[in-house]
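Single-letter residue listing:
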Amino acid sequence: MPDPLSPIGVFDSGVGGLTVLAALRERLPNERFLYLGDTARLPYGSKSPDTVRRYARQAAGKLVERGVKLLVIACNTASAVAVDDLAQAFAPLPVIGVVEPGAAAACAATRSGHVLITGTEGTVSGGAYQRAMLARRPNLKIDAVACPMFVALAEEGWIDGPIPEAVARRYLELELAGPERTRVDTVVLGCTHFPVLRSVLERVCGPTVTFVDSAQTTAAVVADVLTRQRLASSTPDPSNPVQLLATDAPARFARVGSVFLGHPLTPTEVELLDL
Ligand code: DGL
């Protein structure tokens, strides 16, 4: 029987999943977290589904070895191809990806019924978001565009100003054109890195577009599963609420990760780990 005092495991291909960790911490202040960024093998977004599944299984395996009580796949690319695989491999451990919660939020948000999915090449071409949305609302019109340069911009810390704005226009302008009735009114930020570019994207897309970021909805799903499975911790543990692990370059993880987490990190806070 898993212990409610055990940590929640969260993994991503790198630092981007810290946006999901931040939402989890805010929603679940009594919980401890073990976060693994597979920085040695980032990006997952341009790799084949088989490779991403293999990497995801190894990363998840390390967290399971350390006794996590629930696993969150913060990476959209890995969630899109590996959630069932990991749930099966590590059953009965609850495994939660970000695609289903993000798809549910997009379906709830759209009024025009026309949604645009943005993500990595892997996420967009695999069609997991599209399937999850159509299962809920079969009449939706769904467009999808891979925006791999957004990952590089966010990693570089270029999250505002003319350069990210020009890139965003290039990726999105055509997608957002069209007569008002049929125009996209909801954009899914289907990648861990995209929420940090949100203000640029809001400027480019205009005030009629709603952005869906799966971090909040995923945190809500995790809270619900913990309660239903009687796994929620009832008291905070102030001693060590978050442990960070990276498979390469802890100093870079700390520097870039600060942007995603929203507060400064030091390299000594990041443990180097080999998979
Ligand atoms: N974490 C990935 C995602 O959310 C983005 C970075 C990568 O390609 O690995 O899809």
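Residues numbered from 1 in each chain as written. Predicted model: local features only at pLDDT ≥ 70, side-chain atom pairs only at ≥ 80, totals over all residues. Heavy atoms only, no water.

An unreviewed UniProt entry annotates the protein as Glutamate racemase of Enhygromyxa salina. Turning to the protein, the UniProt record has this under Function (unreviewed entry): "Provides the (R)-glutamate required for cell wall biosynthesis." The record held by UniProt for the protein lists under Sequence similarities (unreviewed entry) the comment "Belongs to the aspartate/glutamate racemases family." (UniProt positions renumbered as here; feature names shortened; annotations may be inferred.)

(A) Structural context of the overall build of the protein. When its secondary structure is counted, the protein shows 11 helices and 10 strands. For the protein, the C-alpha radius of gyration of 18 Å lies close to 19 Å, the compact-globule estimate for 275 residues. Structurally, the protein occupies a C-alpha span of about 55 × 40 × 35 Å along its principal axes. Counting all 275 residues of the protein, 54% fall into the buried class. Across the protein, the fraction of contacts at a sequence separation of at least 24, relative to all contacts at a separation of at least 6, is 78%. As displayed, the protein offers around 12200 Å² of accessible surface, 53% of which is attributable to carbon and sulfur atoms. Of the charged side chains in the protein, 26 are positive and 28 negative, and the gap between their average positions amounts to 4 Å. (Helix = DSSP H or I, 4+ residues; strand = E, 2+ residues; numbered from the N terminus. Rg over C-alpha atoms; globule rule 2.2 N^0.38 Å. Buried < 20%, exposed > 50% of the residue type's maximum accessible area, 1.4 Å probe, protein only. Contact = heavy atoms within 4.5 Å. Areas by Shrake-Rupley, 256 points an atom, 1.4 Å probe, with all protein chains shown as cover. Lys, Arg positive; Asp, Glu negative; His and termini not counted. Charge placed at Lys NZ, Arg CZ, Asp CG, Glu CD.)

(B) Seen up close, the sheet that holds strand S1 (residues 8-12). Ordered by their spatial adjacency, six strands build an open sheet running S4-S3-S1-S2-S9-S10, and the pairing between neighbours is parallel. Because the sheet does not close on itself, it has two edges, and the strands there are strand S4 (95-97) and strand S10 (270-272). Strand-to-strand, the axes of this sheet are offset by a mean angle of 20 degrees, without reference to chain direction. Examined bridge by bridge, S1 and strand S2 (residues 33-37) share five bridges and lie parallel to one another. Bridge pairing links aspartate 12 to glycine 37 in S2. (Pairing = 2+ DSSP bridges. Axes fitted to C-alpha atoms, helices over the stretch in contact; angles between N-to-C directions.)

(C) Fine view of the site of the ligand. As a structural note, the neighbourhood of the ligand is formed by 13 residues, with Asp12, Ser13, Tyr44, Gly45 and Thr77 the closest of them. Note that an oxygen atom of the ligand is positioned 2.6 Å from one of the side-chain N or O atoms of serine 13. Within the backbone of asparagine 76, a nitrogen or oxygen atom sits 3.0 Å from an oxygen atom of the ligand. Here the ligand, which alone exposes 290 Å², has 99% of that area covered by the protein. Split by residue class, the shell around the ligand holds five nonpolar, seven polar and one charged. (Near = heavy atom within 4 Å. Polar contact = N/O pair within 3.5 Å; in protein donor to acceptor, adjacent residues only side chain to side chain. Nonpolar A, V, L, I, M, F, W, Y, C, P; charged D, E, K, R; others polar.)

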